[in-house]
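Fold and geometry: a report
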Amino acid sequence: MADRYQAWIEGAAAEQPQLAAALAELGELYHKKLWHQLTVKLEQHIESPEFPEGGFLVALYQNFVAGFAHKINLLKLAFFAVAVSKQMAMPQEGEAFIRDVISNLEASKQPDTQQPILYLRMQLAQYALVQGRTQECKHAFEEGREELEGMADVDPQVSASVYYAASLYHKQQKEYAPYYRATLMYLAYVSQDTLPQEFRQALAVDISLAALLGEDVYNFGELLLHPIINALKENGFGWLHEMLECFNSGDIHRYDELCTRHAALLNGQPALVAHERRLREKITILCLMELISSLPPDRRTIALADVAQRTKLPLDGVEFLLMKTLALHLIEGVIDQVDGTVQVSWVQPRILTLPQIETLRGRLDGWVEKVSSAALTLEDEAVGVAQAS
């Protein structure tokens, strides 16, 4: 005789003709106690658009999945529970449901519950943020990051959930640099193919703006090399991609040209308008760093007048720029006000884009030629010395 869980799935199949085949298959796997295959099919169907919204997943969980929840992969169960919670009408309902799932996992005393519970707690962190409990959210993802450091063989989706919760918090608080770093970490654990198009495009815009506005973000190579950046070209934000490339290359002249050409679009971004001075300061610092990086290490004594010309600053502004850049530990060196020069001994390394790598390759080829020429000269001189002796 069929139990109540199998009876429900059979009844649901009769009531939902469009889902009859899928639900019948789930019922058959349940009847045969093929838990792994049942889990795989559930995953496929949950992500499929054929499963209706409006609470169907909630009913499926409560009347079917609950009957074998303790027999399937617990992490998969956590993924399913989060999907179910998102179909609930109110955040409070979703939060209560997730808390109940966590309680059941803890009470089961089964091994390997740490990752599923951490994943579920990150969903609770999101619910806390939505309901205005920001400090609770912050405490949750900070604890989550500490837990990740002590775990081995962590599922990428669990790691992603921690950094996604952190990114949502930092976005709400308008903490641009922490948001930028948390989102990059999130993107390191998710596949681009799994992100819905609209979400991917919105994320690309948000992380690009955060890179520009982040107070201590002076390296854009990692973002420019990430596939997420291609989404900017898909929804009319090509100008933002241009701006990132401009900052990455430290081209202040191009920056002024882009500001003129895309003035209307830039003015449509309140955060960029509000931090116009910060953007100018950052592009000027990056212009200085690019100037230094373009010079061979043995020729990094630069006239302040050359810096002024490159950065569009007066000489007294150049000194302030150098002191600011030194204070940020983006460069190391000594300013000689008497000679009107700066001698740079170190510049912060950066992740290079493909064009920058090609430029570096050209410089390395030139260096190899100089070394080869010097070696030949030494060899000729050594032969002359040998003959003379």
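First things first, this report covers the structure right here in the doc. Every value quoted in this text rests on a predicted model; they were computed, and no experiment measured them.

So, the pattern of salt bridges
- For the structure shown, the criterion picks out 19 salt bridges.
- For Glu-136, the salt bridge identified is with Arg-133, shortest N-O distance 2.6 Å.
- Here Glu-136 falls in the partly exposed class, since its relative accessible area comes to 33%.
- Judged by relative accessible area, Arg-133 falls into the partly exposed class, the value being 27%.
- Close ionic contact of Arg-280 with Asp-256 constitutes a salt bridge, the shortest N to O distance being 2.3 Å. One end of the pair, Arg-280, is in helix α17 (residues 276-293); the other, Asp-256, is in helix α14 (residues 252-261), with 24 residues separating them in the sequence.
- For Asp-256, a relative accessible area of 22% translates into the label partly exposed.
- Salt bridges here are not isolated pairs; linked through shared partners, they connect Glu-95, Arg-99, Arg-133 and Glu-136.

Things to note about helix α18 (residues 304-311)
- For α18, the complete set of buried residues consists of Leu-304, Val-307, Ala-308 and Thr-311. Taken around the axis of α18, the buried residues stretch over an arc of 100 degrees, which confines them to a single face.
- Lining the buried residues of α18 we find α14, α17, β1 (301-303), α19 (315-327) and β3 (341-347).
- In the stretch just after α18, Lys-312 is the one whose phi turns positive, near 60 degrees.

Definitions and cut-offs
- Residues numbered from 1 in each chain as written.
- Predicted model: local features only at pLDDT ≥ 70, side-chain atom pairs only at ≥ 80, totals over all residues.
- Heavy atoms only, no water.
- Salt bridge = Lys/Arg side-chain N within 4 Å of Asp/Glu carboxyl O.
- Buried < 20%, exposed > 50% of the residue type's maximum accessible area, 1.4 Å probe, protein only.
- Helix = DSSP H or I, 4+ residues; strand = E, 2+ residues; numbered from the N terminus.
- Arc of directions from axis to C-beta.
- Contact = heavy atoms within 4.5 Å.

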